[in-house]
Amino acid sequence: KEKAEITKEQQAFMKVIVDSYNRHQIPQDVTKKLLQEQYSAEENFILLTEMATSQVQVLVEFTKNIPGFLSLDHEDQIALLKGSAVEAMFLRSAQVLSTKMPNGHTEVLEERIRNSGISEEFMTPMFNFYKSIGKLHMVQEEQALLTAVTILTPDRPFVKDHPAVERLQEPMLEVLRKLCALHHPREPQYFARLLGRLTELRTLNHYHTEMLTSWRMNDQKFTPLLCEIWDVQ
Ligand SMILES: CCOC(=O)[C@H]1CN(C(=O)c2ccc(F)c(F)c2)CC(C)(C)c2c1[nH]c1ccccc21
């Protein structure tokens, strides 16, 4: 019985993460700008880099609020942030694009994304991922915890103290497992499907690296923060 129940301390732990996650909503102003007018591919790209830059700032704040993160080795903290930034961006994008928007808005956003200088070959895996996340109908707590689990992935490049990261990720996974059972009682495999999305998410890292080189070709500009976190220029 106690295996299924979310304990008091797990609830407190989850509250910290969910409150922090909700405090850092994606900048709606960028999506609003994207929805407002038809811009050129160049202007769309600039809006997207603006969105990416503020998302990285939001990601750092959220990560600092993950219980125990700040007591990790400092270099490992950086390695975890750098290693998960792109995945967190795509996860966030999927969550934003799969939330119910006034009808037609999602299609308009998709059209804007398709017209932003990104080659077609990356659109398919990206939109497939967005759809597969959308189909899960995650509740907000699951979204927040899944993001935290993604950040606390022990096997990122350059992480030295794996066990320390695992010790932080494990309780997160345990709470997530219980949440899934609670919110999706008729889908015993829901938790497994959720973790399967993280595997799909990793493949997007590879596409992103390819995208960057293609953008480098037609010398697209990035912000210093993006250059830092995306290892460009
Ligand atoms: C949450 C922060 O996400 C981003 O910043 C993504 C946004 N991306 C989306 O698909 C997207 C688009 C419109 C929305 F309204 C939305 F919610 C998500 C993905 C991608 C197109 C690959 C991208 C982003 N930033 C970039 C900068 C330069 C080039 C490409 C991108």
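Residues numbered from 1 in each chain as written. Predicted model: local features only at pLDDT ≥ 70, side-chain atom pairs only at ≥ 80, totals over all residues. Heavy atoms only, no water.

Peer 1: Please explain the site of the ligand as it appears in this structure.
Peer 2: Around the ligand, the surrounding shell holds 22 residues, and the nearest of these are Thr31, Leu48, Ala52, Ser93 and Tyr130. In this structure, an oxygen atom belonging to the ligand sits 3.1 Å away from a side-chain N or O atom of Ser93. Within the side chain of Tyr130, an N or O atom sits 2.7 Å from an oxygen atom of the ligand. When its residues are assigned to classes, the shell around the ligand shows 17 nonpolar, four polar and one charged. (Near = heavy atom within 4 Å. Polar contact = N/O pair within 3.5 Å; in protein donor to acceptor, adjacent residues only side chain to side chain. Nonpolar A, V, L, I, M, F, W, Y, C, P; charged D, E, K, R; others polar.)

Peer 1: Quick question: what am I supposed to make of the packing of aromatic side chains here?
Peer 2: Within a pair of aromatic rings, the relevant descriptors are the distance that separates the centres and the angle that separates the planes. One pass over the structure, following the stated rule, counts five aromatic pairs. When the centroid spacing of 5.6 Å and the interplanar angle of 70° are considered together, the rings of Tyr21 and Phe62 count as edge-to-face. Pair noted here: Tyr21 is in helix α1 (residues 8-23) and Phe62 is in helix α3 (residues 41-64), with a separation of 41 residues, a long-range link. With respect to burial, Tyr21 and Phe62 carry one shared label: buried. Their ring planes at 70° and their centres at 6.0 Å tell us that Phe222 and Trp230 sit as a pair that is edge-to-face. Just as Phe222 is buried, Trp230 falls in that class too. Three or more aromatic residues joined by ring pairs make a cluster, and in this case those are Phe45, Phe222 and Trp230. (Phe/Tyr/Trp six-rings, centres within 6.5 Å; stacked < 30°, edge-to-face > 60°. Helix = DSSP H or I, 4+ residues; strand = E, 2+ residues; numbered from the N terminus. Buried < 20%, exposed > 50% of the residue type's maximum accessible area, 1.4 Å probe, protein only.)

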